[in-house]
Amino acid sequence: MATTKSKTSATFGAPIEVSSVSEWNSILRSAYANNQTVVADFHAEWCQPCKVIAPVYANLASQQPFTYFLRVDVDGNRTRPIAAKYSISAMPTFVVIKRPPGEEGATNATGKGVVVEKLQGADPQGLARITNTHA
């Protein structure tokens, strides 16, 4: 089971496999507090295109030290609600999430991010583009 780790820990440069809604929320709060972007890979174990794009995603994660790269199994009992929240209907789907405008330093921040871009499919060039644009 994955644990929440800061970007300075052993997971630095590697995607974090999210194991629960509470872990997801904790990581998002940390990202927003540090004004860092989140790139989430919604995948499934049975999805062959997900397996093909996974090394590309991991490589991009290693190149973007100030961005959280998360992986969410859409079929996981404890992670299915995350996929539902973002209306994931195809795998893989990559979602870029940023802190809401106006919450810089706010003590009453909602913690709800803004989806700034969504990419469906195992498209290496598209994934590199959205990562480089928003990271």
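All values derive from a computational prediction rather than experimental measurement.

Peer 1: Explain the sheet that holds strand 2 (residues 37-43) here, please?
Peer 2: Think of a sheet as strands paired side by side through backbone hydrogen bonds, with each pair either parallel or antiparallel. If you walk across this open sheet you meet the 5 strands as 1-3-2-4-5, and the pairing is mixed. The open sheet terminates on both sides in strands that have one partner only, identified here as strand 1 (16-17) and strand 5 (114-120). Taken strand by strand, helix 1 (residues 21-33) contacts strand 1, strand 2, strand 3 (67-73) and strand 4 (93-98), and its axis lies near 165 degrees from that of strand 3. Helix-sheet contacts for helix 2 (residues 48-63) involve strand 2, strand 3 and strand 4, and the interaxial angle to strand 3 is about 160 degrees.

Peer 1: What is the right way to look at unusual backbone geometry in this model?
Peer 2: A negative phi angle characterises most non-glycine residues, just as the trans form characterises most peptide bonds. That bond from Met-91 to Pro-92 is cis: its omega, -10 degrees, falls within 30 degrees of zero. Inspection of the secondary structure puts Pro-92 in the loop between helix 3 (80-85) and strand 4. One non-glycine residue, Asn-35, lies in positive phi territory at about 55 degrees. Considering the arrangement of structural elements, one finds Asn-35 in the loop between helix 1 and strand 2. If you check the backbone angles, Ser-87 has positive phi at about 55 degrees while not being a glycine. Among the structural elements, Ser-87 can be located in the loop between helix 3 and strand 4.

Peer 1: Which parts of the structure should I look at to understand the packing of aromatic side chains?
Peer 2: Each aromatic ring pair is described using two quantities: the centre-to-centre distance and the angle formed by the ring planes. Enumeration according to the criterion identifies 5 aromatic pairs in this entry. Centroid distance Phe-42 to Tyr-86: 6.0 Å. Interplanar angle 40 degrees. Geometry classified as tilted. Of this pair, Phe-42 sits in strand 2 while Tyr-86 sits in the loop between helix 3 and strand 4; the two residues are 44 residues apart in sequence, bridging distant segments of the chain. Here Phe-42 falls in the buried class, since its relative accessible area comes to 0%. Its relative accessible area of 9% is what places Tyr-86 among the buried residues. Pairing Tyr-57 with Phe-69 gives two aromatic rings, centres 5.2 Å apart and planes at 70 degrees, and the pair type is edge-to-face. Note that Tyr-57 is positioned in helix 2 and Phe-69 in strand 3, a separation of 12 residues in sequence. Since its relative accessible area comes to 0%, Tyr-57 is described here as buried.

Cut-offs used in this document
Residues numbered from 1 in each chain as written. Predicted model: local features only at pLDDT ≥ 70, side-chain atom pairs only at ≥ 80, totals over all residues. Heavy atoms only, no water. Pairing = 2+ DSSP bridges. Helix = DSSP H or I, 4+ residues; strand = E, 2+ residues; numbered from the N terminus. Contact = heavy atoms within 4.5 Å. Axes fitted to C-alpha atoms, helices over the stretch in contact; angles between N-to-C directions. Phe/Tyr/Trp six-rings, centres within 6.5 Å; stacked < 30°, edge-to-face > 60°. Buried < 20%, exposed > 50% of the residue type's maximum accessible area, 1.4 Å probe, protein only.

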